[in-house]
Structure formats: C-alpha cells, structure tokens
Amino acid sequence: MGYGESANTARKISGFTLIELIVVISIMALLLSFSFPVFRDIQLFSNASTQVGDIVRLIDDLKKRAVEQNTDFVLHVDTGSGTLWITHDAMDDEAKQAARQKGVPFSPDLTLSDIEFPGVETRGTLEYRIRFSRKGYSDFALIHMVENENNITLKVEPFLSRVQVLDTHVSLDDCI
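Cut-offs applied
- Residues numbered from 1 in each chain as written.
- Predicted model: local features only at pLDDT ≥ 70, side-chain atom pairs only at ≥ 80, totals over all residues.
- Heavy atoms only, no water.
- Core = buried A, V, L, I, M, F, W, Y, C linked by side-chain atoms within 4.5 Å.
- Buried < 20%, exposed > 50% of the residue type's maximum accessible area, 1.4 Å probe, protein only.
- Helix = DSSP H or I, 4+ residues; strand = E, 2+ residues; numbered from the N terminus.
- Contact = heavy atoms within 4.5 Å.
- Pairing = 2+ DSSP bridges.
- Phe/Tyr/Trp six-rings, centres within 6.5 Å; stacked < 30°, edge-to-face > 60°.
- Lys NZ or Arg CZ within 6 Å of the ring centre and 35° of its normal.

Enquirer: What's the story with the nonpolar core in this structure? I'm lost.
Expert: Most often, soluble globular proteins have nonpolar side chains that are buried together. Counting residues in each nonpolar core, the largest one holds 25 residues, and the members touching the most others are F132, I143, M145 and L154. Going through the elements one at a time, α3 (51–68), β1 (73–78), β4 (110–116), β5 (127–132), β6 (141–147) and β7 (150–156) are the ones with two or more residues in this core. Looking at this core element by element, the count peaks at six residues for α3. Those residues in contact with F132 that lie beyond four places of it in its chain are I59, L62, K63, A66, T71, D72, F73, L75, Y137, S138 and V156.

The structure is reproduced here in structure tokens:
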C-alpha cells in the first residue's frame with residue numbers, strides 16, 4: 001500500500017499562481033504611481049549645501065504657498081544690505097517693516113549682482129521685488145549672483161513651478 005498509493009496521489013506544489021502575482025504587481029505599481037509626486041519635489045542634484053540652493057528652495061516654496069494660501073507673496077532682495085525677506089498682501093506697513101528687519105542676510109561667499117526683469121530698467125537699484133501670484137504665476141526674473149567666484153543665474157519663469165539654476169551669467173537677450 002505504501003509504494004503504489006504514493007505514486008498515484010497528486011503532489012501538492014506550493015507557490016503563487018500567475019493571477020496572484022499579477023494582482024500583487026499591479027497593487028505595487030499603483031502605490032508607486034501615487035508616490036511619484038513626492039519624489040518629484042526632491043532635488044537630488046541641487047546646490048543643497050549652499051545658500052543658492054536655499055534661495056532656489058525658497059522661491060519654489062513661495063510659488064506653491066501663494067496658490068495654497070490664496071495670497072500674493074513678494075520676495076524682496078536688497079543688494080545694498082545683502083538681505084532678503086518675504087511679505088504678502090495682508091501685511092500692514094508695520095508688519096512689512098518687521099519682516100524687513102528680520103531679513104535673512106547673504107553669506108559672505110555670495111554676492112548678488114542684480115536682477116533683470118523684461119521691459120524694466122533695474123540697473124543701480126538696491127531693492128528688487130519678485131511677485132508670486134495666488135493664481136499660480138510669478139514675475140519673470142533673472143537673478144545674477146556670484147558664489148565662490150562662480151557666476152550663477154537663477155531663472156524664475158512665470159508659469160513653471162521650478163527655478164532653473166544656470167552655471168553662467170545669462171542676460172534677458174539670451175532668453176528671449
């Protein structure tokens with residue numbers, strides 16, 4: 001009974017069926033597709049340890065916050081004192097002055113040359129303003145700076161959510 005019976009009985013094979021594998025893979029693909037927007041916001045190769053990287057992240061954040069909070073924000077950059085600060089439309093004059101006094105100074109390694117706006121002569125200006133609208137757009141601006149003897153231009157485009165970092169000085173004539 002031992003030899004003949006074991007040869008005729010069906011073997012039990014453990015494992016996954018093709019349908020089970022397809023279901024698991026499709027669930028994982030769905031979860032991964034929901035996580036892509038989170039990964040898109042991570043800047044792996046940005047200037048993460050420099051003040052230029054901090055300014056890029058600040059500008060990107062201002063564009064998002066303006067829409068999320070339904071408020072127009074203004075980034076003020078003062079080349080004379082080497083500081084930047086943020087105001088918004090709901091602030092009164094006293095609050096704007098307090099924001100200016102709490103402005104973030106540039107590091108000694110960073111020098112801001114100027115900011116260019118299309119159709120606006122800004123040469124010799126000490127304070128620049130870049131507006132971020134609650135409707136999702138911003139002013140077009142080229143922020144020219146020098147960090148550790150490297151020329152850098154930050155290109156802020158009206159309808160793009162990200163600031164483009166260029167490793168050279170780019171003028172408006174090169175962009176238009």
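Let us keep going from here.
Enquirer: Even after reading the chapter, I still don't get the pairing of β4, so can you show me in this structure?
Expert: As a general feature of sheets, a regular strand has side chains that alternate between the two faces. The buried fraction of β4 amounts to five of the seven residues, a majority that puts the element mostly inside the structure. As defined by bridge partners, β4 adjoins β6 across six bridges and the pair is classed as antiparallel. Each bridged residue has a counterpart across the sheet, and for T111 the counterpart in β6 is V146.

Enquirer: Looking at this model, I keep getting lost on the packing of aromatic side chains. Mind explaining?
Expert: To describe a pair of aromatic rings, you give the distance between the ring centres and the angle between the ring planes. All chains considered together, the criterion is met by one aromatic pair. Ring centres of Y137 and F159 lie 5.9 Å apart, and the angle between their planes is 50°; this geometry places the pair in the tilted category. Taken as a pair, Y137 in the loop between β5 and β6 and F159 in the loop between β7 and β8 (164–166) lie far apart in primary sequence, 22 residues in all. We classify F159 as exposed; its relative accessible area is 69%. A cation sits over an aromatic face here: R65 above F73, 5.0 Å from the ring centre.

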